[in-house]
Amino acid sequence: MKSCFVFFSLMFGCYLYSQNTRADKLIAETQYVRQIENNMKLLWWIPTEYWEVALENNKSSATEEQIKYLKELLDDYIIMVAGDYSLTTQNGEMSFNVNSNIKEKMFLYEPQGGKLKALKNDEIDGRVVVIVNETLKPLFAQMLGKMGGGAEFFIYNNKKDGTRIIDPTKTGSFHVELGKENFLWKLPLISLMKEKTCPVDQETMEGNWIYCPIHGQKL
């Protein structure tokens with residue numbers, strides 16, 4: 001599994017530390033960090049398409065065959081990272097404690113409104129369990145310290161009748177309830193859409209735009 005760890009370390013690092021504008025947009029669309037008074041919550045949905053974006057600026061980290069294998073392996077699952085923290089101030093410095101009962105407060109609702117149940121390890125492909133427990137969790141803790149180490153990974157089934165329950169490239173939405181707070185993801189993710197260009201000056205525009213906001217021309 002050492003080679004597997006190195007492979008995912010490279011991919012995870014490439015994504016978080018790249019200067020890739022598309023990667024920045026993707027993380028902005030898939031992650032929430034919300035603070036209300038002395039409570040802070042972290043939610044990060046990691047769609048399968050994440051891995052392709054992670055390597056856009058570093059094609060040498062993995063072969064196309066490896067990426068294809070990874071996508072086929074993870075496509076059956078929804079991976080969510082969640083953290084719930086209590087903030088305190090001591091001697092003028094902010095610190096936080098991890099709220100340990102997050103599993104009792106985390107609920108994921110698919111686009112049709114049904115509540116999805118987090119899978120147990122014995123219900124998940126063993127290779128995916130290894131990826132999450134032996135690679136993603138340690139990396140998350142390494143990069144975010146105590147906050148990352150206190151985050152929980154939730155894995156859900158993402159296939160129904162052979163199609164993805166949550167597809168970041170299709171129109172729709174889904175939401176998560178964490179405690180008494182609601183977190184909504186609108187689909188498709190703009191960062192995964194093909195960019196458009198203005199017919200007047202060829203300026204690049206967002207993929208979900210229909211008209212150029214400057215010239216009024218259809219993109």
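Residues numbered from 1 in each chain as written. Predicted model: local features only at pLDDT ≥ 70, side-chain atom pairs only at ≥ 80, totals over all residues. Heavy atoms only, no water.

K.L.:
I'd like a description of the overall build of the chain, backed by residues and values.
P.N.:
Counting its secondary structure elements, the chain contains 5 helices and 13 strands. For the chain, buried positions account for 41% of its 219 residues. The long-range share in the chain, meaning contacts at least 24 apart out of those at least 6 apart in sequence, stands at 61%. Accessible surface computed for the chain: about 12300 Å², of which carbon and sulfur atoms make up 49%. (Helix = DSSP H or I, 4+ residues; strand = E, 2+ residues; numbered from the N terminus. Buried < 20%, exposed > 50% of the residue type's maximum accessible area, 1.4 Å probe, protein only. Contact = heavy atoms within 4.5 Å. Areas by Shrake-Rupley, 256 points an atom, 1.4 Å probe, with all protein chains shown as cover.)

K.L.:
Account for the pairing of strand S10 (residues 172–178), naming residues and giving values.
P.N.:
Across 4 bridges, strand S5 (residues 106–109) lies against S10 in antiparallel orientation. Along S10, the bridge assignment pairs phenylalanine 107 with glutamate 177. Note that S10 and strand S11 (residues 181–187) share 7 bridges and pair antiparallel. Bridging across to S11, histidine 175 finds its partner in leucine 184. Two successive antiparallel strands, S10 and S11, enclose a turn made up of 2 residues, where glycine 179 displays a positive phi of approximately 70°. (Pairing = 2+ DSSP bridges.)

K.L.:
Tell me about the environment of glutamate 181, and name the residues and values.
P.N.:
Positionally, glutamate 181 belongs in strand S11. When the C-alpha positions of glutamate 181 and arginine 34 are compared, they lie 9.7 Å apart, and in sequence the two are 147 residues distant. Each residue touching glutamate 181, except ones within four places of it in the same chain, is listed here: Arg34, Ile36, Asn39, Lys41 and Val176. At 3.1 Å, the side chain of glutamate 181 forms a polar contact with the side chain of lysine 41. (Polar contact = N/O pair within 3.5 Å; in protein donor to acceptor, adjacent residues only side chain to side chain.)

K.L.:
Tell me what's going on with the layout of surface pockets, and back it up with residues and numbers.
P.N.:
There is about 380 Å³ of room inside the largest pocket. Lining the largest pocket are 19 residues, and of these Lys103, Ala118, Leu119, Phe153 and Phe154 sit closest to its centre. Elements represented by at least two residues in the lining of the largest pocket include exactly S5, helix H5 (126–149) and strand S7 (152–157). (1 Å grid on protein atoms, 1.4 Å probe; cavity = no way out; pocket = protein on both sides within 12 Å on 5 of 7 lines; lining within 4 Å. Points joined across faces, edges and corners; volume = space filled by probe spheres on them.)

K.L.:
Please give an account of the side chain of aspartate 75 that cites residues and values.
P.N.:
Note on placement: aspartate 75 falls in the loop between helix H4 (64–74) and strand S3 (77–90). In this structure the side chain of aspartate 75 is engaged in a polar contact, spanning 3.1 Å, whose partner is the side chain of arginine 164. Aside from chain neighbours lying at most four places away, what touches aspartate 75 is Thr48, Asn158, Lys159 and Arg164.

K.L.:
I'd love a proper account of the side chain of arginine 164, names of residues and values included.
P.N.:
Assignment of secondary structure puts arginine 164 in strand S9 (residues 163–164). A polar contact of 2.8 Å, which involves the side chain of arginine 164, links it to the side chain of glutamate 49. When residues no more than four places from it in sequence are discounted, the contact partners of arginine 164 are Thr48, Glu49, Asp75, Asn158 and Lys159.

K.L.:
Give a detailed account of the packing of H4 against H5, specifying residues and quantitative values.
P.N.:
Packed helices, taken two at a time, are described by their axes: the angle between them and the distance between them. One way to put it is that H4 packs onto H5 with a least axis distance of 10 Å and a crossing angle of 105°. It follows from the interaxial angle that H4 and H5 lie roughly perpendicular. In this structure, H4 contributes Tyr69, Leu70, Leu73 and Leu74 to the contact, and H5 contributes Arg127, Val128 and Ile131. (Axes fitted to C-alpha atoms, helices over the stretch in contact; angles between N-to-C directions. Parallel < 35°, antiparallel > 145°, perpendicular 65-115°, else oblique.)

K.L.:
Please provide a residue-by-residue account of the packing of aromatic side chains, values included.
P.N.:
Within this structure, the stated rule accounts for 8 aromatic pairs. With 5.1 Å between their ring centres and 85° between their planes, tyrosine 32 and tryptophan 185 make a pair best called edge-to-face. Linking tyrosine 32 in strand S1 (residues 31–36) with tryptophan 185 in strand S11, this pair joins segments that are 153 residues apart in sequence. On the accessibility criterion, tyrosine 32 (23% relative accessible area) is partly exposed. We classify tryptophan 185 as buried; its relative accessible area is 1%. Taken together, the ring pairs in this structure connect Tyr32, Trp45, Phe174, Phe183 and Trp185 into an aromatic cluster. Across from the ring centre of phenylalanine 183, 4.0 Å away, lies the NZ or CZ of arginine 34, which sits over that ring. (Phe/Tyr/Trp six-rings, centres within 6.5 Å; stacked < 30°, edge-to-face > 60°. Lys NZ or Arg CZ within 6 Å of the ring centre and 35° of its normal.)

K.L.:
If you had to explain the nonpolar core to someone new, which residues and values would you point to?
P.N.:
Ranked by internal contacts, the top residues of the largest apolar core, which has 25 residues, are Leu74, Val81, Val128, Phe140 and Phe153. The element contributing the most residues to this core is H5, with 6 residues. Excluding anything up to four places from it in sequence, leucine 74 contacts Thr48, Trp51, Ile79, Val128 and Ile131. Counting residues in hydrophobic clusters, the runner-up holds 24 residues, among them Trp45, Met106, Phe154 and Phe174. (Core = buried A, V, L, I, M, F, W, Y, C linked by side-chain atoms within 4.5 Å.)

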